Amino acid sequence: QQSNVTSFSATTVAIITLEAFAGMWINAFLVCVLCFAWVKKKTLNSNEKIVLLLGYSRLCSLCVSWAYSFLSIIYPKYLYVHTVLQLAVFFQSFFNYCNLWFSACLCVFYCIKIANFRNSYFIYLKVKIDRIVPWLLMGSVLLSLAIGIIAYDIADKPHCNNHNSTGQGNFWEANIKMDKHFFPSFFLAGFGYAASFTAVIFSAVFLLFSLWRHKRTMQTNSMNSLSVDAHIRAMKSILSFVVMYSINFVCLVLKMVYVTKKGSPMTFLIVVFQYTFPGVHSLVLIFSNPKLEKTLLKILPLERSVKCKVC
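The paragraphs below set out a description of the structure included in this document. (Residues numbered from 1 in each chain as written. Predicted model: local features only at pLDDT ≥ 70, side-chain atom pairs only at ≥ 80, totals over all residues. Heavy atoms only, no water.)

## Points about the overall build of the protein
Formally: Strands are runs of DSSP state E lasting at least 2 residues, helices are runs of H or I lasting at least 4, and numbering of each runs from the N terminus. Between buried and exposed lies partly exposed: a residue is buried under 20% and exposed over 50% of the maximum accessible area for its type, with that area taken using a 1.4 Å probe on protein chains only. We call two residues in contact when some of their heavy atoms are within 4.5 Å.
For the protein, the helix and strand inventory stands at 10 helices and zero strands. In the protein, the order of α-helices and β-strands from amino to carboxyl end is α-α-α-α-α-α-α-α-α-α. Expressed as a percentage of its 311 residues, the buried residues of the protein come to 41%. Put simply, 78% of the contacts in the protein that link residues at least 6 apart link residues at least 24 apart.

## As for the packing of helix 2 (residues 46-74) against helix 8 (residues 265-287)
This is how the line gets drawn: Each axis is a line fitted through C-alpha atoms, and for a helix only the stretch in contact is used; angles between axes span 0 to 180 degrees, taken between their N-to-C directions. Just so you know how the angles are binned, under 35 degrees is roughly parallel, over 145 roughly antiparallel, 65 to 115 roughly perpendicular, and the rest oblique. Crossing handedness: left-handed means the near helix sits turned counterclockwise from the far one by under a right angle, and right-handed means the same turn made clockwise. Polarity classes work like this: nonpolar for Ala, Val, Leu, Ile, Met, Phe, Trp, Tyr, Cys and Pro, charged for Asp, Glu, Lys and Arg, and polar for all others, with Gly in that last group.
The contact between helix 2 and helix 8 brings their axes to 10 Å, and the two run at 160 degrees. Considering their axes alone, helix 2 and helix 8 lie roughly antiparallel with respect to each other. Note that helix 2 runs across helix 8; the crossing there is left-handed. Residues Leu54, Arg58, Leu62, Ser65, Trp66 and Ser69 of helix 2 pack against Tyr275, Phe277, Pro278, His281, Ser282 and Leu285 of helix 8. Considering only residue class, the contact of helix 2 with helix 8 consists of seven nonpolar, four polar and one charged.

## Section: the environment of Asn96
Formally: A 3.5 Å cut-off defines polar contacts: any pair of N or O atoms within that distance qualifies, except that in protein one atom must be a possible hydrogen donor and the other a possible acceptor, and neighbouring residues in sequence count only when both atoms are side-chain atoms.
Along the polypeptide, Asn96 turns up in helix 3 (residues 84-114). For Asn96, a relative accessible area of 27% translates into the label partly exposed. Each C-alpha atom of the pair Asn96 and Ser57 lies 7.5 Å from the other, and the pair is 39 residues apart in sequence. Among the polar contacts made by the side chain of Asn96, one reaches the side chain of Ser61 at a distance of 2.7 Å.

## Observations concerning the environment of Arg213
Along the polypeptide, Arg213 turns up in helix 6 (residues 183-221). By relative accessible area, which is 25% here, Arg213 ends up partly exposed. Separated by 98 residues in the primary sequence, Arg213 and Ala115 place their C-alpha atoms 10.0 Å from one another. Once residues within four sequence positions are removed from consideration, Arg213 is found in contact with Asn116, Phe117 and Arg118.

## Section: the pattern of salt bridges
To be explicit about the condition: Salt bridges are defined as contacts in which a side-chain nitrogen from Lys or Arg sits within 4 Å of a carboxyl oxygen from Asp or Glu.
Scanning all chains against the criterion turns up two salt bridges. Its salt-bridge partner being Lys41, residue Glu48 comes within 3.3 Å of it at the nearest N-O pair. Owing to a relative accessible area of 12%, Glu48 belongs among the buried residues under this scheme.

## Concerning helix 2
So the rule is basically this: Take the number of residues in a helix, subtract one, and multiply by 1.5 Å to get its expected span.
With 29 residues, helix 2 extends 42 Å from end C-alpha to end C-alpha; this agrees with the ideal 42 Å at 1.5 Å per step. Capping of helix 2 at its N-terminal end is provided by Asn45; its side-chain oxygen lies 3.2 Å from the backbone amide nitrogen of Asn47.

## Observations concerning the nonpolar core
Here is the rule: Only buried residues count toward a nonpolar core, which is a set of Ala, Val, Leu, Ile, Met, Phe, Trp, Tyr and Cys residues joined through side-chain atoms within 4.5 Å.
Grouped together as the largest cluster of nonpolar side chains are 35 residues, with contacts concentrated most on Ile50, Leu106, Phe109, Tyr110, Val133, Leu207 and Ile286. At the level of secondary structure, the elements contributing two or more residues to this core comprise helix 1 (7-41), helix 2, helix 3, helix 4 (120-161), helix 8 and helix 9 (290-299). Looking at this core element by element, the count peaks at 11 residues for helix 3. Among all residues touching Ile286, those that are not within four sequence positions of it are Ile26, Phe29, Leu30, Leu292, Glu293 and Leu296. Core analysis: the second largest hydrophobic core is formed by 18 residues, Tyr97, Cys251, Leu252 and Phe277 among them.

These figures come from the coordinates and say nothing about function on their own.
Pasting the structure below:
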């Protein structure tokens, strides 16, 4: 079947493809390095476990989202084949929520591991955090799976209602009806974003307060700055995530507004940012980890060219 592709659609697909494959490469690098470290050391610490699963979920999310976007723009009618749209929505929801909750788990882990508070409950969490992390990750996967199943069910209903409305003349009308059926899934996504965003905000606030209090103690007792450096590295990672996460949340709200406005420049900007977020934040995680940063620079031609110039 021949597709009717405009120049705007072709440009959108080209930009999305570049962003998606760049993000896939970054997250594939993250996953490969941590897997090699896992094989070499036979174990991973809690931070590496979270980052490994986060990178893997983002890699899968970008693959599924790119395939979905490509079909919806170039061959939209193929999405109305039974189970194709439903499976695409299921996997997209599952991996997106894994991405959200693994990111929140990483921020909470940073907060508990680095922040210093004398509260007995906080001290208990600090001691037990390495045992709690696997349960948090498992809970995140199960919650994401449940939401994916709900999203599958939501996507299945408009398909059943519109299976007779996919003719050439009234296809656009059926498409708008399906988009309206997706509002429950947007509200579901909004709940997940809000819950995980709350965890990120609280983690950032607690770390900021801990940093301020520790700096004040250091100035009084003339202590070393190792703990402050750890606070600052964690804060940079969390604050960068807070900024991008905030913009991502705004994009979700705008996407709800512009869901039926195909070809809108605002829709294009929303999609562009949503494909940028997984790659850029993974880059922040890489450059906030000295080992990952060193490994990345080794495989990039940049370091080689610098060495040649020095020689």
